[in-house]
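Geometric and topological summary
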Amino acid sequence: MMINPNQKVAVITGSSSGIGLETSLTLARNGFLTYATARSLKKGAIINTLATDKEKLPIKVVQLDVTDNQSVNNAIQTIVSETGRIDILVNNAGYGLGGALEDLSIEEIKNLYETNVFGLIRVTQIVLPIMRKQQSGIIVNVSSGAGLFGYPGGSAYVSTKFAVEGLSESMSYELEPFGIKVVLIEPGFIRTNFANAMVIAKKAQDPSSPYSQMMQRIAANSSKMAMNGSSVDVVAKVILEAVTSKNPNLRYLAGKDVETWAANKKTMSDTEFYNMIKNVAQ
């Protein structure tokens, strides 16, 4: 891949599928020198097929496991040695964990946090000195509508997204003096393989769980909402809008459903909103 010193460099985590894949392709198609990172290079092979072979896009696949310090260090060092800079970091890697809190093991929750929260922190901390030296950069953290409100069966996952929201908001104050912007992307239901890849807590799979019927109803309703969700390019376009803006917003909603929920959250009382979510989940 030829390096153009005038191109902005973008790094995206979790790029082997879904939002990460579409964002990598979208940024590359819009002139960004794009490093699509994935935990498994084998899974990242689809990027080479779509981008390198078919469209000749300025995109390169790099192995990066957000839960592994050495992997993160190696990936970022490789990118900086080739380009000398990182202008955009999209922290997208993450997964869902389903189950009522009582049915979740501490290990299951720790593993979720290791990817969704500590993985994001790990990559960001390594990139920040590079951006500070440049006196510029944008950190894009892919949150969720689940970072705005809770719902039954999602206590662990929702808590990771609330953590990302608070982390990002605080970071924005810290980094503004160095010319670095922080952006939160909050998608609603998106038609990806996210639901299929969701981990269901071991105890939550037991039919004798006191939450079994609740989880079955939630799974059925979630599947319906996912089928009617937005296409993945909706999120990628919102990310593109944010990173090409001279003064990006802190938060961007992505999807008509989450726009509706966010509006309701602002206008309804807590009791009204609680009852709305409860009815949707039933």
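Above this text is the structure in question.
Every chain is numbered on its own, with residues counted from 1 as its sequence reads. Since the coordinates come from a predicted model, pLDDT governs what is reported: local features require at least 70, and pairs of side-chain atoms require 80 or more to be given and counted, while whole-chain, interface and lining totals use all residues. The basis for every side-chain value is the complete set of non-hydrogen atoms in the structure, without hydrogens or water.

1. Thoughts on helix α4 (residues 106-134)
Rules: Helix and strand definitions follow DSSP, with helices as H or I runs of at least four residues and strands as E runs of at least two, each counted in order from the N terminus. Helices are assigned an expected span. That span is 1.5 Å times one less than the residue count. The quantity called bend is, for any residue, the angle between two axes fitted respectively to the seven residues ending at it and the seven beginning at it.
Here α4 spans 40 Å end to end across 29 residues, near enough to the 42 Å set by a 1.5 Å rise per residue. The axis of α4 is deflected most strongly, by about 40 degrees, at Phe118. Remark: Gln135 follows α4 within two positions and exhibits a positive phi of approximately 65 degrees.

2. So, the side chain of Thr26
Inclusion rule: Relative accessibility under 20% of the residue-type maximum defines a buried residue, over 50% an exposed one, and the middle range a partly exposed one, all with a 1.4 Å probe and only protein chains included. Between N or O atoms, a polar contact is any pair within 3.5 Å; within protein, one atom must be a potential hydrogen donor and the other a potential acceptor, and residues adjacent in sequence are included only when both atoms are from side chains. In what follows, a contact means two residues having at least one pair of non-hydrogen atoms within 4.5 Å.
Inspection of the secondary structure puts Thr26 in helix α1 (residues 18-29). The exposure class assigned to Thr26 is buried, which follows from its relative accessible area of 10%. Within polar-contact distance, the side chain of Thr26 engages the backbone oxygen of Glu22 at 2.8 Å. Residues in contact with Thr26, not counting those within four places in the same chain, are Ala236 and Leu240.

3. Some words on the sheet that holds strand β3 (residues 59-63)
Rules: If DSSP finds at least two bridges between two strands, the strands pair. A fitted line through C-alpha atoms represents every axis, and for helices the fit uses only the stretch in contact; the resulting angles, taken between N-to-C directions, go from 0 to 180 degrees.
Across the sheet, seven strands lie side by side as β3-β2-β1-β4-β6-β7-β9; this open sheet has parallel pairing. Each edge of the open sheet carries a strand with a single partner, namely β3 and β9 (251-254). Strand-to-strand twist across the sheet, computed as the mean angle between neighbouring axes with direction ignored, equals 20 degrees. Here six bridges tie strand β6 (residues 137-142) to strand β7 (residues 180-187), and the two strands are oriented parallel to one another. Residue pairing for β7: Ile139 is matched across the bridge by Val182.

4. Structural notes on the environment of Gly31
Tracing the backbone through its elements, the reader meets Gly31 in the loop between α1 and β2 (33-38). Gly31 sits 23 residues away from Lys8 along the chain, and the two C-alpha atoms are 7.8 Å apart.

5. Brief notes about the pattern of salt bridges
As a reminder of what qualifies: Whenever a carboxyl oxygen of Asp or Glu lies within 4 Å of a side-chain nitrogen of Lys or Arg, that contact is scored as a salt bridge.
One pass over the structure, following the stated rule, counts eight salt bridges. Between Asp87 and Arg85 there is a salt bridge, and its shortest N-O distance comes to 2.6 Å. According to the relative accessible area criterion, Arg85 is partly exposed, its value standing at 27%. Salt-bridge contacts for Glu186 lead to Arg251; the nearest nitrogen and oxygen are separated by 3.3 Å. With Glu186 in strand β7 and Arg251 in strand β9, this residue pair connects regions lying 65 residues apart in the sequence. Assessed through its relative accessible area of 2%, Glu186 is described here as buried. A residue is classified by how much of its surface remains accessible, and Arg251, at 32% relative accessible area, is partly exposed.

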